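Reading the structure
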Amino acid sequence: QKLIELWQQFKAVKVTCSIDDLEDRNEYLRTGTKWEQVLDNLDTLQQLPWINVSVCQTVSWMNIFYMNEFHEFMTARDIPVYLNFVHDPKFLSVRVLPRSKLLDILQFCDRLPKYQLDNIRANLSVEENVEQWSNGVKYNAWHDSSRNTYIVKTFPRIFEILPKSVREKVEAVC
């Protein structure tokens, strides 16, 4: 409320919210956030005519499989989305995903604007690093044990497209 009072002194204010996914997936990626509070905050900001709201979505190998839904949700709310790709730590980057699954991955992004889809393709065209991806899975499994969460339950699409041998390894770690 104090920020809104301060912002009223300006003709226009641009607010870019860092939101990475919808509902429980956003709560997983942004530990400590509550989805209903995120929606309330967006509603409050959008009701103020001098505030221009946008979203910066940080794209990792976890949320890339849900890009279409996220962008459709934000578009329905008339909120532009900008992409920010994880580069570090490398084990969370989309660049570590198996290239053999490129077409499977792109189907979850195919309704995005062409310039964003091209950006995703460019990030996915870098040489894969399955070892780094494995490190990312282990990292999230470690977090899951301390947060009482389960990555496979929150982001099931990631694991559905992987070969059975890889899924079994992931499930053994998680």
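Okay, so let's go over this structure. Predicted, not measured: the structure shown is a model, and the values here were computed from it.

**A look at the overall build of the chain**
Assigned secondary structure in the chain consists of 10 helices and three strands. Along the first, second and third principal axes, the C-alpha set of the chain runs to 60 × 40 × 25 Å. Across the 174 residues of the chain, 45% fall into the buried class. If you take every contact in the chain between residues at least 6 apart in sequence, the share linking residues at least 24 apart comes to 76%. With an accessible surface of roughly 9,900 Å², the chain has 52% of that area assigned to carbon and sulfur atoms. Computed over 21 positive and 23 negative side-chain charges, the inter-centroid distance for the chain is 3 Å.

**A short note on the pairing of strand β1 (residues 13–18)**
Side-chain alternation along β1 places Val13, Val15 and Cys17 on a buried face and Lys14, Thr16 and Ser18 on a face that remains uncovered. Two elements, β1 and strand β2 (residues 51–59), share six bridges in a ladder whose sense is parallel. Bridge pairing links threonine 16 to serine 54 in β2.

**Observations concerning the environment of leucine 92**
Topologically, leucine 92 is positioned in the loop between β3 (81–85) and α5 (102–106). Residues leucine 92 and valine 59, 33 residues apart in the sequence, show an inter-C-alpha distance of 9.0 Å. Not counting the four nearest positions on each side in its chain, leucine 92 is found in contact with Ser60, Trp61, Met62, Val86, Tyr139 and Asn140.

**Concerning the packing of aromatic side chains**
Counted by the stated rule, this structure contains five aromatic pairs. Relative to phenylalanine 155, the ring of tyrosine 28 lies with its centre 5.3 Å away and its plane at 80°, an arrangement referred to as edge-to-face. Taken as a pair, tyrosine 28 in helix α2 (residues 23–29) and phenylalanine 155 in the loop between α8 (151–154) and α9 (156–160) lie far apart in primary sequence, 127 residues in all. Each member of the pair tyrosine 28 and phenylalanine 155 is classed as buried. Ring centres of tyrosine 66 and phenylalanine 155 lie 6.1 Å apart, and the angle between their planes is 65°; on these two criteria the pair is classed as edge-to-face. Placement of tyrosine 66 in the loop between β2 and α4 (67–76) and of phenylalanine 155 in the loop between α8 and α9 is noted, with a sequence separation of 89 residues between them.

Rules of the game
- Residues numbered from 1 in each chain as written.
- Predicted model: local features only at pLDDT ≥ 70, side-chain atom pairs only at ≥ 80, totals over all residues.
- Heavy atoms only, no water.
- Helix = DSSP H or I, 4+ residues; strand = E, 2+ residues; numbered from the N terminus.
- Buried < 20%, exposed > 50% of the residue type's maximum accessible area, 1.4 Å probe, protein only.
- Contact = heavy atoms within 4.5 Å.
- Areas by Shrake-Rupley, 256 points an atom, 1.4 Å probe, with all protein chains shown as cover.
- Lys, Arg positive; Asp, Glu negative; His and termini not counted.
- Charge placed at Lys NZ, Arg CZ, Asp CG, Glu CD.
- Pairing = 2+ DSSP bridges.
- Phe/Tyr/Trp six-rings, centres within 6.5 Å; stacked < 30°, edge-to-face > 60°.

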